[in-house]
Amino acid sequence: MGKIIAVANQKGGVGKTTTAINLSAALAMKNNRVLVIDLDPQGMATASLGKPKEARKGVYQALMNGQDPMGLILGTELDNYYLFPCSPELAGAEVELFSKENREKRLQDVAGKLRKNFHYIFIDCPPSLGFLTLNALTAADSVLIPIQCEFLCMEGIPDLLSTFDEVRTYFNPSLSMEGIVLTMFDERTNLSKQVAEEIRRSLKTIVFEVVIPRSVRVAEAPSFGKPVVLYDIKSKGAEAYLNLAQELLRK
C-alpha cells in the first residue's frame, strides 16, 4: 500500500508545487512508482510536466463525477512517474463541494482506489485552507510543508499547524507530520540563514536537514515541461531534491 503525502501551505510562492514535482520525480528515479495529484485549480503541476489542462479530464471528474481515477492518469517522460492532472472544471470545485455530502472525504475515496498502484502519492494542494486542501489532508497519511526562507513566510505556520491539528481531531486522526522543507535558501544572505535558524529552533525535529537552494535550473525546468532531475540532473537544485528524497526514504 502506497504512502499519500499532501504538500500544503496556505501561502503562495513558497515552492509548494516545485517541491511536489521535484521531490516526487527524485523518488521515481530511486525505483519507486510515484503519482502526483494536481489538486490546485491553477494547474501548475500539470503545466510543469508539460500537460496543458485545457480540454483535459482529470481530478475533478473523479472527485465530483465518480469517474475511475486510474483511467484519468497520464504518464510522463520519466519511468515510474505519473500525473493525475488538473482540468479547467476544478476551478469551481470549492463552491460545488460546499453543498455535497461527505464534502471533506471525497478525495479520500478517490485516493483509496489509487493507493495500491503506487509506492508514493503526492497531492499538490492549493495555496489556501479551503475544501480542496481539507480533502487532501483528510486523504493523506502525512503532510509536508515547504517554507520559503523569508520572514513573512513564517507568519502562516501557526495557522497551518492549527489546521493540521483540527483535521487530526475531526477527520483524519492518523495524519502525521512528514516534515517542513526549507526552500529558496540563499546562502549569500543573512536573512535566509536567520529564518532557517529560527524555524529550526522553533520546530526542531520536524524540519528536514536538506535545504533547497535558490536555483535558476529549478526555475527554468517547468517551462520545458520537466522536473529538474530530467532538465539538469547535475544542477544544485536537482542534487538537493535527490538528497531530500533520500532523507525522506530514511525516515
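Along each chain, the written sequence defines residue order, and numbers are assigned to residues from 1. Residue-level local features of this predicted model are given only where pLDDT is at least 70; pairs of side-chain atoms are given and counted only at 80 or more, and the full residue set underlies all totals for whole chains, interfaces and linings. Side-chain measures were taken over the full set of non-hydrogen atoms in the model, leaving aside hydrogen atoms and water.

### A look at the pattern of salt bridges
What counts here: The working definition used for a salt bridge is a side-chain nitrogen of Lys or Arg within 4 Å of a carboxyl oxygen of Asp or Glu.
Enumeration over the complete set of coordinates arrives at nine salt bridges. Three or more residues are tied together by salt bridges with common partners; here these are Lys16, Asp40 and Asp124.

### Some words on the packing of aromatic side chains
To keep it simple, the criterion reads: Aromatic rings from Phe, Tyr and Trp, taking only the six-membered ring of Trp, are treated as a pair when their centres fall within 6.5 Å; an angle between ring planes under 30 degrees marks them as stacked, one over 60 as edge-to-face, and anything in between as tilted. Our definition puts a charge over a ring when NZ of Lys or CZ of Arg is within 6 Å of the ring centre and also within 35 degrees of the ring normal.
Following the criterion strictly, the structure yields four aromatic pairs and no others. A cation over a ring is seen here: Arg103 above Phe98, with NZ or CZ 5.2 Å from the ring centre. Geometry around Phe208 places Lys251 over its ring, the cationic atom sitting 4.3 Å from the centre.

### A word on the sheet that holds strand S5 (residues 120-124)
Keep this limit in mind: A pair of strands counts as paired when DSSP detects no fewer than two bridges linking them. Runs of E in the DSSP output that reach at least two residues are strands. Runs of H or I that reach at least four are helices, and both are numbered from the N terminus. Any two residues whose heavy atoms approach within 4.5 Å at even a single point are treated as in contact. Here an angle of 0 to 180 degrees is reported between the N-to-C directions of two axes, which are lines fitted to C-alpha atoms, with helices fitted over the stretch in contact.
Strand order in the open sheet made by the seven strands is S3-S4-S2-S5-S1-S6-S7, with mixed pairing throughout. A single partner strand is all that each edge strand has here, and the edge strands are strand S3 (74-75) and strand S7 (176-183). The pairing of S3 with strand S4 (residues 81-84) spans two bridges and is classified as antiparallel. Within the sheet, the bridge partner assigned to Gly75 lies in S4 and is Tyr82. Running at roughly 165° to S7, helix H8 (residues 190-203) makes contact with strand S6 (142-148) and S7 of the sheet.

### Some words on the layout of surface pockets
Rolled over the atoms, a probe as big as a water molecule pinpoints where empty space is left. The condition is simple: Using protein atoms alone on a 1 Å grid, points that fit a 1.4 Å probe yet trap it form a cavity, whereas open point sets bounded by protein on both sides within 12 Å along at least five of seven lines form a pocket; residues with an atom within 4 Å of a point count as lining. Grid points are joined across faces, edges and corners, and a volume is the space filled by probe spheres set on the points.
In this structure, the largest pocket encloses a volume near 310 Å³. Taken together, 22 residues line the largest pocket, and the ones lying closest to its centre are Gly15, Thr18, Met184, Val218 and Ala219. Listed by contribution, the elements that provide at least two residues to the lining of the largest pocket are helix H1 (16-28), helix H2 (44-48) and helix H9 (216-220). Here the element with the most residues in the lining of the largest pocket is H1; it accounts for five residues. Computed from the structure, the second largest pocket encloses a volume of approximately 190 Å³. Lining of the second largest pocket is provided by Phe185, Asp186, Glu187, Arg188, Val211, Pro213, Arg214, Ser215 and Lys236.

### Side note on empty space enclosed by the protein
By the definition in use, this model includes one cavity of 30 Å³ or more. Here the largest cavity is characterised by a volume of approximately 40 Å³. Lining the largest cavity are Asn9, Ile145, Ile147, Gly156, Ile157, Leu160 and Leu161. For the lining of the largest cavity, the secondary-structure elements that each account for two or more residues are S6 and helix H7 (157-170). It is H7 that provides the largest number of residues to the lining of the largest cavity, a total of three residues.

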